[in-house]
Amino acid sequence: MKESINELKSEFKAKLLFWNNIQSMKLKIALLLLFIALIGLKVFTTVLTFDWLAGLFT
């Protein structure tokens with residue numbers, strides 16, 4: 001368990017270091033918008049899937 005927590009901490013630190021090394025504000029905004037779009041796409045497709053499954057059983 002402790003090894004898993006340490007691994008998560010090291011991954012988080014690596015991603016934070018990558019984020020801090022990005023100098024371009026446009027690139028940071030583009031990455032942030034891409035991340036939000038991916039989450040939105042995942043939520044949208046999940047809702048459609050459950051709606052489609054519910055339609056099969058009614």
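It should be noted that the structure appears before, not after, this text.
Model, not experiment: these values are computed from the prediction.

### Focus: the environment of Asn21
Next up, step 1: Relative to the helices and strands, Asn21 resides in helix 1 (residues 2-21).
Next up, step 2: Residue Asn21 is classed as exposed on the basis of its relative accessible area of 52%.
Next up, step 3: Residues Asn21 and Glu11, spaced ten residues apart in sequence, show a C-alpha to C-alpha distance of 15 Å.

### Some details on the layout of surface pockets
Next up, step 1: Put simply, the largest pocket is a space of about 340 Å³.
Next up, step 2: Lining the largest pocket are Phe12, Lys15, Leu16, Phe18, Trp19, Leu31, Leu32, Leu34, Phe35 and Leu38.
Next up, step 3: For the lining of the largest pocket, the secondary structure elements donating two or more residues are helix 1 and helix 2 (25-57).
Next up, step 4: Looking at the lining of the largest pocket residue by residue, the classes come out as nine nonpolar, no polar and one charged.

Here is what the cut-offs are and how they apply
- Residues numbered from 1 in each chain as written.
- Predicted model: local features only at pLDDT ≥ 70, side-chain atom pairs only at ≥ 80, totals over all residues.
- Heavy atoms only, no water.
- Helix = DSSP H or I, 4+ residues; strand = E, 2+ residues; numbered from the N terminus.
- Buried < 20%, exposed > 50% of the residue type's maximum accessible area, 1.4 Å probe, protein only.
- 1 Å grid on protein atoms, 1.4 Å probe; cavity = no way out; pocket = protein on both sides within 12 Å on 5 of 7 lines; lining within 4 Å.
- Points joined across faces, edges and corners; volume = space filled by probe spheres on them.
- Nonpolar A, V, L, I, M, F, W, Y, C, P; charged D, E, K, R; others polar.

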